[in-house]
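What follows is the residue order along each chain.
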Amino acid sequence: MKIAFLGNYPPKACGIGTFTNSLARAILSNLRAGEIKEYAEIFAMEEPGDDHDYPEEVTTRINPQDPKSYRQAADHLNEGGFDLLVLQHEYGIFGGDDGVYIMHLLDRLRIPLIVTFHTVLKEPSFGQRDVLSRIARRAQAVVVMTKLAEDILTSVFSVDPQSIYVVEHGVPVIESEPREVLRERLGWSDHRVLFTFGLLGRGKGIETSIRALPEIVKQFPNTLYVVLGKTHPHVLRANGEEYREYLQDLATELGVGDNLRMISKFASEQELFDCLRAADIYVVPYPNEAQITSGTLAYAVGAGAAIVSTPFWHAAELLQEGRGRLFPFHDSQALSETVTELFRDDRKLTDLRTRAAAYGRELLWPRIGKQYLRVFGEAKVAYDQHSASATTVGSLPPLKLDHLHRLTDDCGILQHAKYAIPNRFEGYCLDDNGRALLLIGMLAKAGVGNKQTLHRLADTYISYIYHAQNLDGTFRNFMSYDRRFLEQQGSEDSYGRALWGVSFCLAHPPRPDQRAILEEIFIRAVGHLDNMTSPRTVAYGILALSYYLDFKPSSEDMLNLLDRLCNRLVNHYHDSREQGWNWFEKYLTYSNGILPLALFRAMNHLSKESIRSVAIESTNFLAEQTIIDGVLCPIGCTNPYVIRENRPRYDQQPIDVMCKVLLFSEACRHQGLQPHCGNLATAFAWFTGQNDMKVSIYNPETGGCFDGLMEGGVNHNQGAESLLAYLISRVEMENFTVEWSQPSSEKTTSTSEIALKKLLNGFALPEVPVAGLARATEESAG
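Residues numbered from 1 in each chain as written. Predicted model: local features only at pLDDT ≥ 70, side-chain atom pairs only at ≥ 80, totals over all residues. Heavy atoms only, no water.

If you walk across this open sheet you meet the six strands as β10-β9-β8-β11-β12-β13, and the pairing is parallel. The two strands at the open ends of the sheet, each matched to only one other strand, are β10 (260-263) and β13 (325-326). In this sheet, β10 lies alongside strand β9 (residues 223-228) in parallel orientation, the contact comprising four bridges. Among the inter-strand pairings, Val-226 is bridged to a residue of β10, identified as Arg-261. Of the strands in this sheet, β8 (192-197), β9, β11 (281-284), β12 (307-309) and β13 touch helix α13 (residues 332-344), which is tilted by about 165° from β11. (Pairing = 2+ DSSP bridges. Helix = DSSP H or I, 4+ residues; strand = E, 2+ residues; numbered from the N terminus. Contact = heavy atoms within 4.5 Å. Axes fitted to C-alpha atoms, helices over the stretch in contact; angles between N-to-C directions.)

This is the structure in structure tokens:
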């Protein structure tokens, strides 16, 4: 077996690094190998400014802030003959928001994955929940160290309980000299010693222990409080030794400066165990409950120390049955009372040590290593069984209209939001109300949603569009929140988007009586199409006419207008096309997919090879330009992508992705599932995390959609354009899967297309094995 471990690693001074090394050695103790490098390779997270002198088993260094570094590591894992990857997860050691960059590796990984979660939160942020849930879905086995962590994973993160294994934190096998010998060597023979160790930072709560010292010293003047550990590297970079100096000043201020000894040192395991066994009491004063795992606490139990701790999650579980004493958070008085009580009664201290040591023998790393090997075996079987059965997993997110209702009032849909809160300062616009009407028409056609609600929303959006229309058929666009239109005539694009929404609902009205006003709006507006100059407005017009002709297919005037507009768009294509540039303009910019989409849609009413060939060529070109390494990378809208110039990467906006979802879906209807069914899944997956930054753009908590990917990260505002782009894409995906799951003599049924249908019906993005499949199979067989 060849195993890869990924995480921090010594000599980097941190708990994750120590754990990774200890686990690797624990596995080694159960194998016929002499050194770690004989059975494993370590993939170490390494900041660019660091230059650690790693041991030979470290073969790969991953720059936490460089997505390319993760992808290269994934390629090495896939091609290097590894049997599985063991990932140590802590949000802070990976790059991106909430450590999301690790998904650059995991989405590319093609070997079994086991992950140990070192932090599991009861109240995660949206990003924390999203990242951990995605990692857990990719893993064949999820390891946590407490029963509470298992419960949180299932209840908060919806992790499959079959994939979760509780394996406690290991402790090293270390022998020490007799306690009295240790105390004499450490200079503690004449002292009552309180001891705390670990990397220093404000989250350790050591000030609570120091505030307890005056009362303890009053009763036991020979008390010495020893704090062993270097300042955490992140804290040191940000604030230097500020916290250490604060603690020393606090002790001096309280008159116990001589009773505090702070040792800035990253101690060896032997030194730690010697101190734990020599100390009278090991104190863990963490200031809040949300710590699911503490390596220092596990070490203290393993060393047989008498432990007094706050009731953080790991302590509350590990110190049950008399293995330690608990005191309330921040309560220095309760701590002093507990310590003085124990100092007066050596029998109680001895009992605590005996109980801790007995339990600690069950936590020795070789035993923990054996448990991990069993997990490895089950995970590998699960992965192999998945590969044999080619099971797919994943599904579309549930359709949620909460944010649509939040942004819509009795006037229309507000165009912007500050985070998820409607931003009234920005008012309304025709573009978004036209798109909102399109969405309601799509929902009504699909039979999704409450009819009365859809009717009411449709009335609202139609009313806005009707109000925005001038007598000559043009439209005003922007309206302030006090309901004053801000210009006499809006942009060509806003005109086109409104016409698209109106015509779709003419063909598929949420309520039949709405057709009368929709047709009135359409007929009054459509005469301006011949005068529009923007290729995108021409494309919107083609879409609108195609839906109007679905409603009234015998209208010769509309059919002739459709033909003229298609000819204009085809001419744009031929005027701009060059070798290697099959496009309608000399640049790519926003909403690119709308141009070929319009031509495909026109083919429902015009059978012309010139339209078909341009639609196919331009769609293939757009896919080649924007799907890179299996991930959709929309053209950044900061600047256009001009032919023969550099391609802008950001800002990537949901509206451009929506156009591609609609395009690839329509292309499949005219070409069959190949080649664009996979592109369709790739495009929609941009919303759910398969993008340059590996972050979910859709927010399931609010039902909103973030406003895009900026160079500096996600734009967390959730305005109407982005929301509607997501919802329209989401409804289109569902319509598509329903349509293609129905048998039809008109659709080809080659073996490859049947396979693609199955893939899409399961909405598998990168195929991953079902977590816990081996265990589930064994249980069902039993």
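Let's shift gears to the packing of aromatic side chains. Aromatic ring pairs: the centre-centre distance and the angle between the two ring planes describe each pair. All told, the structure shown has 32 aromatic pairs when counted by the stated rule. With centroids separated by 6.3 Å and ring planes inclined at 50°, the aromatic side chains of Trp-188 and Phe-195 adopt a geometry described as tilted. As far as the burial class goes, Trp-188 and Phe-195 line up, both buried. Pairwise contacts between aromatic rings join Tyr-573, Trp-581, Trp-583, Phe-584, Phe-621 and Tyr-641 into one cluster. Lying across the ring of Tyr-246, Arg-202 places its NZ or CZ 5.0 Å from the centre. The ring of Tyr-359 carries the charged tip of Arg-323 above its face, separated from the ring centre by 3.9 Å. (Phe/Tyr/Trp six-rings, centres within 6.5 Å; stacked < 30°, edge-to-face > 60°. Buried < 20%, exposed > 50% of the residue type's maximum accessible area, 1.4 Å probe, protein only. Lys NZ or Arg CZ within 6 Å of the ring centre and 35° of its normal.)

Moving on to the nonpolar core. Residues Leu-105 and Leu-404 are the most contacted members of the largest nonpolar core, which totals 172 residues. Sorting elements by how many residues they give to this core places helix α27 (residues 720-741) first, with 11 residues. Of all hydrophobic cores here, the second largest spans 34 residues; its members include Leu-228, Ala-315, Leu-319 and Leu-363. (Core = buried A, V, L, I, M, F, W, Y, C linked by side-chain atoms within 4.5 Å.)

Once that is clear, we can look at the packing of helix α7 (residues 206-219) against α13. When two helices pack together, their arrangement is given by the angle between their axes and by how far apart the axes lie. Here α7 crosses α13 at 45°, and the two axes come no closer than 8 Å. Considering their axes alone, α7 and α13 lie oblique with respect to each other. In this structure, α7 meets α13 at a crossing whose hand is right-handed. Across the interface between the two elements, Thr-208, Ser-209, Arg-211, Ala-212, Glu-215, Ile-216 and Gln-219 of α7 pack against Ser-332, Leu-335, Ser-336, Val-339, Thr-340, Phe-343 and Arg-344 of α13. Its residues placed into classes, the contact of α7 with α13 shows five nonpolar, six polar and three charged. (Parallel < 35°, antiparallel > 145°, perpendicular 65-115°, else oblique. Left-handed = near helix turned anticlockwise from the far one by under 90°. Nonpolar A, V, L, I, M, F, W, Y, C, P; charged D, E, K, R; others polar.)

What follows is about the pairing of strand β1 (residues 3-7). Among the five residues of β1, five are classified as buried, and the element is accordingly described as predominantly covered. Taking every second residue as pointing to the same face, both faces of β1 are buried, with Ile-3, Phe-5 and Gly-7 on one and Ala-4 and Leu-6 on the other. Pairing analysis gives four bridges linking β1 to strand β4 (residues 84-89), with the strands arranged parallel. Among the inter-strand pairings, Phe-5 is bridged to a residue of β4, identified as Val-86. The pairing of β1 with strand β2 (residues 40-45) spans five bridges and is classified as parallel. Residue pairing in the sheet places Gly-7 in a bridge with Ala-44 of β2.

This part is about the pattern of salt bridges. Under the criterion given, the structure shown has 48 salt bridges. Note that Glu-271 and Lys-265 form a salt bridge whose closest N and O atoms lie 2.4 Å from each other. Between Arg-564 and Asp-530 there is a salt bridge, and its shortest N-O distance comes to 2.7 Å. Residue Arg-564 is found in helix α22 (residues 556-576), and its partner Asp-530 is found in the loop between α20 (515-526) and α21 (535-551); the two are separated by 34 residues along the sequence. A relative accessible area of 36% places Asp-530 in the partly exposed class. (Salt bridge = Lys/Arg side-chain N within 4 Å of Asp/Glu carboxyl O.)

Between its terminal C-alpha atoms α20 stretches 16 Å, which fits the 16 Å expected from 12 residues at 1.5 Å a residue. Of all the residues in α20, the buried ones are Leu-518, Glu-519, Ile-521, Phe-522, Ala-525 and Val-526. Take α20 and look down its axis: the buried residues cluster within an arc of 160°, on one side only. Check the buried side of α20 and you find it contacts α17 (430-446), α18 (451-468), α19 (492-507), α21 and α22. (Expected span 1.5 Å × (residues − 1). Arc of directions from axis to C-beta.)

Attention shifts here to the side chain of Thr-196. The topology assignment puts Thr-196 in strand β8. Given a relative accessible area of 6%, Thr-196 falls into the buried group. For Thr-196, the side chain forms a polar contact with the side chain of Tyr-225, separated by 2.8 Å. The contact partners of Thr-196, leaving out residues within four places of it in the chain, are Ile-206, Tyr-225, Val-226, Val-227, Leu-228, Tyr-282, Val-283 and Pro-285. (Polar contact = N/O pair within 3.5 Å; in protein donor to acceptor, adjacent residues only side chain to side chain.)

Turning our eyes to something else, we now look at the confidence of the model for the chain. Parts of the model with low pLDDT should not have their predicted coordinates read in detail. Mean pLDDT over the chain: 91, with 94% of residues reaching 70 or higher. Predicted confidence for residues 389-394 stays below pLDDT 50, and this span has 15 contacts to residues more than four positions away or in other chains. Across residues 745-782, confidence stays below pLDDT 50; counting only partners more than four residues off in sequence or on other chains, it has 87 contacts. (pLDDT = per-residue confidence, 0-100.)

A separate point is α18. Residues spaced three or four apart along an α-helix point in a common direction, a consequence of the helix completing one turn every 3.6 residues. The end-to-end C-alpha distance of α18, which contains 18 residues, comes to 26 Å, matching closely the 26 Å that a straight helix rising 1.5 Å per residue would cover. Taken as a whole, α18 has its buried residues at Leu-454, His-455, Leu-457, Ala-458, Thr-460, Tyr-461, Ile-462, Tyr-464, Ile-465 and Ala-468. With a side-chain oxygen lying 3.1 Å from the backbone nitrogen of Gln-452, the N-terminal cap of α18 falls on Asn-450.

Further remarks concern the sheet that holds strand β6 (residues 141-144). What the seven strands build is an open sheet, ordered β3-β2-β1-β4-β5-β6-β7; its pairing is parallel. The open sheet has two edge strands, β3 (58-62) and β7 (164-166), and neither has a second partner. Strand-to-strand twist of the sheet, defined as the mean angle between neighbouring strand axes without regard to direction, takes the value 20°. Of the pairings in the sheet, the one linking β2 to β3 comprises four bridges and is parallel in character. Looking at the pairing, Met-45 lines up with Ile-62 of β3. Lying on the sheet, helix α2 (residues 67-79) is in contact with β1, β2, β3 and β4; it crosses β3 at an angle near 150°.

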